[in-house]
Amino acid sequence: MTRNPPPPGASPPSVQLAGLRKRYGGVQAVDGVDLVVAPGEVVALLGPNGAGKSTTIDMLLGLTRPDSGEVQLFGRSPRQACTAGLVGAMLQNGGLLPEITVGKMLAAVRALYPRALPTREVLARAGVADLADTRTDRLSGGQRQRVRFALALLPDPDLIVLDEPTAAMDVTSRRAFWASMRAWAAGGRTVLFATHYLEEADAFADRIVLLRRGRVIADGPATEVKALVGGRTIRATLRGLDAAGLAGLGRLPGVARVEGRGDAVTLTCPDSDAALRALLAAHPAAEDIEVVGAGLEDAFVALTTDDATDPSARQEITR
Ligand SMILES: Nc1ncnc2c1ncn2[C@@H]1O[C@H](COP(=O)(O)OP(=O)(O)OP(=O)(O)O)[C@@H](O)[C@H]1O
């Protein structure tokens, strides 16, 4: 990552995280995250429960102080960037003002920003114009989320940060939400969003940052990360395989993860062709060989959960 100042005239990155760490008691929630997001990028922070997505986002926004490391947004501290109205955020537990209509709430919050979009425009952009006269305590879970999205759009920010934005939405609301978001981002704005869903990251982001146990384990274009996690599974019977032999399978080319149960082994493979050749070379007596396509979600879960037989096998996908 670049820690030098940008050349004169170049715009600074929208987000620059360097060596970010945060520990809660015995849990290392974030363990050395480096990330640079350029203006106009749409980045998904992807990872299972507890991977450190929300903690990273809270530090990025200046809501949680890192134990060590640095955060810069547009070359400024998070507080300076937020005060200047450069950043809009939609967090998991953000509240809405009670006993007031959506329209009135947006107008009240709008007055706090140095520059802000007209309330009517924000209602339309967030797809909640029909909720302007609805009281905030009468909104459904999905509607609340979309109103919170409207709040995030109010300052007309250059960067929007969303922590699991579609968590309470049904399929129709999800689609409508992403359509609004796409239209907003099309103007060259930067978007960083956290999600558990690989499909959602793939559909919307042009770059995926995969987190596991507070660390970045993959970072690249959605297509590359998908290829990394969306491989195939090889199953085979290897008679008399011991623990060392099982660990050895995890080191074969093209293999990301290995599981063994008795004589039956299952290999999760980003490159099943290379893995199969290597498997047959190492174990010519292998029997009952099957190669099956892994669903993207299944492969993602396999690569990011903590119950792998041989943790060293997963180092192959670390960049
Ligand atoms: N305030 C806190 N106090 C103690 N532990 C915390 C706190 N916040 C987070 N953690 C722990 O830090 C780890 C990372 O949590 P974090 O919420 O950042 O993960 P996440 O990827 O956002 O998960 P989820 O998808 O469930 O929201 C977890 O083990 C969590 O229990």
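The model shown is predicted, which means the values in this text are computed figures rather than measured ones.

The rules behind each value
Residues numbered from 1 in each chain as written. Predicted model: local features only at pLDDT ≥ 70, side-chain atom pairs only at ≥ 80, totals over all residues. Heavy atoms only, no water. Core = buried A, V, L, I, M, F, W, Y, C linked by side-chain atoms within 4.5 Å. Buried < 20%, exposed > 50% of the residue type's maximum accessible area, 1.4 Å probe, protein only. Helix = DSSP H or I, 4+ residues; strand = E, 2+ residues; numbered from the N terminus. Contact = heavy atoms within 4.5 Å. Phe/Tyr/Trp six-rings, centres within 6.5 Å; stacked < 30°, edge-to-face > 60°.

Engineer: Looking at this structure, I do not really get the nonpolar core. What am I missing?
Structural biologist: Side chains of a nonpolar character, in soluble globular proteins, are inclined to be buried together. Grouped together as the largest cluster of nonpolar side chains are 45 residues, with contacts concentrated most on Phe149, Ile160, Leu162, Met181, Val191 and Phe193. Ranked by residues supplied to this core, first place goes to helix 5 (residues 141-153) with six residues. Apart from residues no more than four positions distant in its own chain, Phe193 is found in contact with Val42, Val43, Ala44, Leu45, Leu162, Trp178, Glu200, Ala201, Phe204 and Ala205. Counting residues in hydrophobic clusters, the runner-up holds 27 residues, among them Val37, Ala51, Ile57 and Ala81.

Engineer: I tried to follow the packing of aromatic side chains on my own but got confused; where do I start?
Structural biologist: We describe a pair of aromatic rings using the distance from one ring centre to the other and the angle between the two ring planes. Within the structure shown, the criterion is met by five aromatic pairs. Judged by centre distance (5.6 Å) and plane angle (55°), the ring pair of Phe193 and Phe204 falls under tilted. Separated by 11 residues along the polypeptide, Phe193 in strand 7 (residues 190-195) and Phe204 in helix 7 (residues 198-204) bring together distant segments of the chain. Exposure remark for Phe193: the relative accessible area of 0% places this residue in the buried category. Judged by relative accessible area, Phe204 falls into the buried class, the value being 9%. Members of the aromatic cluster, each reached through a chain of ring pairs, are Phe149, Phe177, Trp178, Phe193 and Phe204.

Engineer: Got a minute to help me understand the environment of Ala201 in this structure?
Structural biologist: Here Ala201 lies in helix 7. The exposure class of Ala201 is buried, given its relative accessible area of 0%. Linking Ala201 and Leu131, residues 70 residues apart in sequence, is a C-alpha distance of 28 Å. In this structure Ala201 touches Ala44, Leu46, Phe193, Thr195 and Ile208, once residues within four positions along its chain are discounted.

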